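If you want the building blocks of each chain, they are given just below.
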Amino acid sequence: MIIATAGLVLALTLSADWAHADPSCGDADASQTIRATDALVVLKSAVGKPIECPLCACDVNGDGGKTTTDALLVLKRSVGAVEFLTCFAGQECETPEILLDDFQPVAASPCELVTANVNGLDAAADHFIRFFNDQGLSLVVPAVGATANTVTAATPPIQDGGGGAAVAGTVNLHVLEEGDSGTGASNALAGLDIEALPDGVNPAGTVTLDFLEGAIELCLELQQTVVGSAMDSEGMRQAIADTLAVLEGLQYETNEVVNDSQYTFPLGSIGDEEIVVGAGDLAQVDRVILAMLLAQANQPDPGGGSAGGGMHAGGAREAGACARADANDYFDDLKNGRPTDSSRTSYFGAGAGCAADAFNTAYAIVGGAAALGIGVLALGGAPVIALALPAAAVLYVNIAGAGGLIGLGGALGQTTEEARDLVEAGVNQVESTLRSMVAGKVLPKTVGTLHSMIQGAEKIHDEFAEGEPPTTVTTTTTLVTTTTTHPTTTIAPVTTTIVTTTTLQQEDCWCCCAWWDGCCTEFTCREFATDQSGAIGDLGNCFYYAPWSNVCGTGWCESG
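Rules and cut-offs
Residues numbered from 1 in each chain as written. Predicted model: local features only at pLDDT ≥ 70, side-chain atom pairs only at ≥ 80, totals over all residues. Heavy atoms only, no water. Helix = DSSP H or I, 4+ residues; strand = E, 2+ residues; numbered from the N terminus. Buried < 20%, exposed > 50% of the residue type's maximum accessible area, 1.4 Å probe, protein only. Contact = heavy atoms within 4.5 Å. Areas by Shrake-Rupley, 256 points an atom, 1.4 Å probe, with all protein chains shown as cover. Disulfide = S-S within 2.5 Å. Pairing = 2+ DSSP bridges. Polar contact = N/O pair within 3.5 Å; in protein donor to acceptor, adjacent residues only side chain to side chain. Axes fitted to C-alpha atoms, helices over the stretch in contact; angles between N-to-C directions. Parallel < 35°, antiparallel > 145°, perpendicular 65-115°, else oblique. Left-handed = near helix turned anticlockwise from the far one by under 90°. Nonpolar A, V, L, I, M, F, W, Y, C, P; charged D, E, K, R; others polar. 1 Å grid on protein atoms, 1.4 Å probe; cavity = no way out; pocket = protein on both sides within 12 Å on 5 of 7 lines; lining within 4 Å. Points joined across faces, edges and corners; volume = space filled by probe spheres on them.

J.: Explain the overall build of the protein chain to me, and be specific about the residues and the numbers.
T.: In terms of regular secondary structure, the protein chain is built from twelve helices and 24 strands. Across the 560 residues in the protein chain, those meeting the buried criterion constitute 51%. Taking all contacts inside the protein chain whose residues are at least 6 apart in sequence as the whole, residues at least 24 apart take part in 69%. A total accessible area of about 23,000 Å² is found for the protein chain, and carbon and sulfur atoms account for 52% of it.

And the structure:
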């Protein structure tokens, strides 16, 4: 993912009708409106002219100085080309209400979670951490966790000044919030050391393709396991089917790039920029996926211990961090160019064997990786930086789609209602801000395939938060008595047969068809067959449910 300065600056949302008696962020001449004349004031101050320009009003990118870059950003804001500016309190301005005390860890790999300790947060607001340095990195990442005094977000990768290979380096950070009562920014702290992104050895897109295949395999499995479960609903079934369609479409295009490095494919547009994905973009996505797996492999235990976690071939649940060993094995295989079915399946299935609190810790890392894509797509301002968008779009659709499935698998894998509720709460906590950002800032700016793909990737998350009640299931048991005349007696023995018919009420348009009748030939008919005991099975001549068929109409669907 290529990070470019001008398109990735976020801070206080400014409103032209705010009244100020003194200079304020971007309004260097205290006119109560940000205009081109404010940009001129900043520019003159930046080049050493004797003009008053307080840091709190003129350091609009928050790097601690007044430069020509600040002047350009103020000019862009004056014509509506930049939505956000970042300003810090200076000696002449009011001290910010949000105070950043410190953050942990002080050294992190990309996608590792960083927690900022702050005072003065608005609990109802959306929160972000902005990462920036003097070499051009300026990226705002939506939080995946916030409390009354902490904000947690994923660490971004650092690109070199030319937009090339990811490098290690040191960044500054500060906390932002945006809510109904207004916006705010904390002071900045320096000293977060970020490692370089890991790299693989296979052709560009190979890691992305394998990760998509794992998500698709999990999706097909969940289509069966969700039926009759506590998470079963009409909306959830449709959300899984929609997610499958999104992932399969992306899988096809990614495979074409892997086989032909000159191949590109369109993803629609965001703002005025057409999104076309090529090998270079997928190479960036590969590296972020590897970084996410590495962050999960290195995650701490929820209780601070060091034992491994996950459900492995032996079937025994390990204590400690969720899926850490599975993520490590999958990372190692992908990084060294030898992906295997076993490590991929183990990683995507590990969440079902995790304790609820451990699962939530691991899931926050997945959500954090998706938030890096949102940081580019949603918070980049305008004009958007075209180089950053294709990789960010693929990253978000891929990770968000897989994340929803991993969250569902983690919930279905819990053995008690309390544990399942805890997982649902954890997933919703991670996704609430991301879902809000996507609905409010990403989808309105997207057109075409990208819009459909992002919308599809969000549906499972929406079902966690707003899921319908489970599908109505009615089981009728009939006692059938048959009488047979015995040749030597007049007393007929009675044979009792239990015939069970299960009826599923479908509120939307579903097709109920047997495999031989051809009514679903125009649709992908996913298997949801049940035998008389209600178990899922491949029974041959039994009924299938194909979603959204216009052949069989609405109504009741019977099986058994």
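Next comes the rest of the description.
J.: Help me get a handle on the state of the cysteines, residues and values and all.
T.: Evaluated as defined, the whole model comprises two disulfides. Put simply, C53 and C58 are joined by a disulfide, and their sulfur atoms are 1.7 Å apart. One quick way to see it: the torsion about the S-S bond of C53 and C58 is about -115°, and its sign makes the bridge left-handed. Just as C53 is buried, C58 falls in that class too. A disulfide bridge connects C322 with C354, and the sulfur atoms are separated by 2.0 Å. The S-S bond linking C322 to C354 shows a torsion near 80°; that makes this disulfide right-handed.

J.: Explain the sheet that holds strand β3 (residues 99-104) to me, and be specific about the residues and the numbers.
T.: Taken in spatial order, the four strands line up as β3-β5-β9-β8 in an open sheet, and their pairing is antiparallel. Because the sheet does not close on itself, it has two edges, and the strands there are β3 and β8 (145-146). Across five bridges, the pairing between strand β5 (residues 113-119) and strand β9 (residues 150-154) is antiparallel. Within the sheet, the bridge partner assigned to A116 lies in β9 and is V151.

J.: Before we move on, could you go through the side chain of T155 and cite the residues and values that matter?
T.: Examined against the element boundaries, T155 turns out to sit in the loop between β9 and β10 (158-159). A distance of 2.9 Å separates the side chain of T155 from the backbone oxygen of E112, its partner in a polar contact. Apart from residues no more than four positions distant in its own chain, T155 is found in contact with A108, S109, P110, C111, E112, V114, F131, L192, I194 and L372.

J.: Account for the packing of helix α6 (residues 279-297) against helix α9 (residues 356-377), with residues named and values stated.
T.: At a minimum axis separation of 9 Å, α6 and α9 run at an interaxial angle of 155°. For the element pair α6 / α9, the angle class is roughly antiparallel. Crossing of α6 against α9: the hand is right-handed. Across from V288, M292, A295 and Q296 in α6, the residues of α9 making contact are A362, I365, V366, A369 and L372. Its residues assigned to classes, the contact of α6 with α9 shows eight nonpolar, one polar and no charged.

J.: Describe the pairing of strand β12 (residues 169-179), naming the residues involved and giving the relevant values.
T.: The element β12 is extensively covered by neighbouring structure, given that eight of its eleven residues are classed as buried. Across seven bridges, the pairing between strand β6 (residues 126-132) and β12 is antiparallel. Among the inter-strand pairings, F131 is bridged to a residue of β12, identified as L173. With five bridges joining them, β12 and strand β14 (residues 189-194) adopt antiparallel strand pairing.

J.: So, unusual backbone geometry: which residues are in play, and what are the values?
T.: In this structure, P105 follows Q104 across a cis peptide bond, with omega equal to -10°. Counting through the fold element by element, P105 comes out in the loop between β3 and β4 (107-108). Phi at Q32 is positive, roughly 75°, even though this residue is not glycine. Within the secondary structure, Q32 is located in the loop between β1 (12-13) and α1 (36-46).

J.: Residues and numbers for the layout of surface pockets, please.
T.: The rolling of a water-molecule-sized probe over the atoms marks out the regions of remaining empty space. Computed from the structure, the second largest pocket encloses a volume of approximately 570 Å³. Surrounding the second largest pocket, 24 residues form its lining, L113, T115, T152, T361 and A364 being those nearest its centre. If you list the elements that add at least two residues to the lining of the second largest pocket, you get β5, β8, β9, α9 and α11 (417-442). The leading source of residues in the lining of the second largest pocket is α9, at four residues. Here the residues of the lining of the second largest pocket are counted per class, giving ten nonpolar, twelve polar and two charged.

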